[in-house]
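A closer look at the structure
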Amino acid sequence: MKLFKSVCAAAVVATSVIGSAAHAITFSFTGANYADAHVRTFTSDGLGLTATAGTFSSHVNPSIINFNSRKVDQDPDGLGTDGGRHESDQIDGNHGNDVIVFTFSQSVIIEKVRFGNVDHNDDFAFGTVTDGAFDRLVSFQDIINPFDLSHIATQEERTGLSFGFGAIGWNDNYTIKSLHVSLAPPPSNEPPAVPLPASALLLLGALAMAGGVSARRRRRPA
């Protein structure tokens, strides 16, 4: 009976480990046209996201974001910023360094971004945002679509609640069409278990059945 219980427990653990694989979630910001707003909210697969906009200084890093200087602009080509009649509706470095901050309802690993309105001159800044400060990991990164953020930041650097995409150069201007993230695993002091292959799970099932039969035979009266 002890063997049977141990085998069953191992099967449950193996199944739960396989089921806990990273879940990919995509936020798409295209196809809609809304009035400018200080905050825009989105939901995808139960994950919440808020987008806010502002400006930052390129002379210091981290730089405190001025959230009163810009609003979030959403049009069919994605998300940008707007600061009045002298500003475009894109994330640019003209008349101030624009930044859009994405804050998630739970910790994520930010994986990829797709940009809009891109030409060969466009660069972007990317980093984390903590207590309103934009801590840039890169400041002048050439744009490629889609852009895999693992090329410029480790998984640890890409894990958190808030991230910023900005522009510094006066000729840098773009929108954000989509974000691709995965849920960050919960913190644990134990090393992660290694998922078992399907053949091993079948063997565990066979052992469990054999253990059950053996236990029933021992309970039969002589």
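Residues numbered from 1 in each chain as written. Predicted model: local features only at pLDDT ≥ 70, side-chain atom pairs only at ≥ 80, totals over all residues. Heavy atoms only, no water.

What follows concerns the packing of aromatic side chains. Applying the stated rule across the entire model yields 13 aromatic pairs. Ring geometry for phenylalanine 115 and phenylalanine 124: centres 4.9 Å apart, planes at 40 degrees, overall tilted. The burial state of phenylalanine 115 is the same as that of phenylalanine 124; both residues are buried. Ring centres 5.1 Å apart and planes at 90 degrees place the aromatic pair phenylalanine 115 and tyrosine 174 in the edge-to-face group. A residue pair is termed long-range when its members are at least 10 positions apart, and phenylalanine 115 in strand S9 (residues 97–116) and tyrosine 174 in strand S14 (residues 173–183) qualify at 59 residues. When sorted by exposure, phenylalanine 115 lands in the same class as tyrosine 174, which is buried. Through pairs of rings, three or more aromatic residues link up here, namely Phe27, Phe29, Phe42, Phe102, Phe104, Phe115, Phe124, Phe126, Phe147, Phe163, Phe165 and Tyr174. (Phe/Tyr/Trp six-rings, centres within 6.5 Å; stacked < 30°, edge-to-face > 60°. Buried < 20%, exposed > 50% of the residue type's maximum accessible area, 1.4 Å probe, protein only. Helix = DSSP H or I, 4+ residues; strand = E, 2+ residues; numbered from the N terminus.)

In this chain, asparagine 61 is followed by proline 62 through a cis amide linkage whose omega measures 5 degrees. Between asparagine 145 and the following residue, proline 146, the backbone shows a cis peptide bond with an omega angle of -15 degrees. Structurally, the position occupied by proline 146 is in the loop between strand S11 (133–142) and strand S12 (147–148). Positive phi, normally seen in glycine, also occurs at asparagine 117, with a value near 55 degrees. One non-glycine residue, aspartate 131, adopts positive backbone phi at about 50 degrees. Here aspartate 131 is to be found in the loop between strand S10 (123–130) and S11. Residue aspartate 131 is classed as exposed on the basis of its relative accessible area of 77%.

These results come straight from atomic positions and should not be treated as a statement about function.
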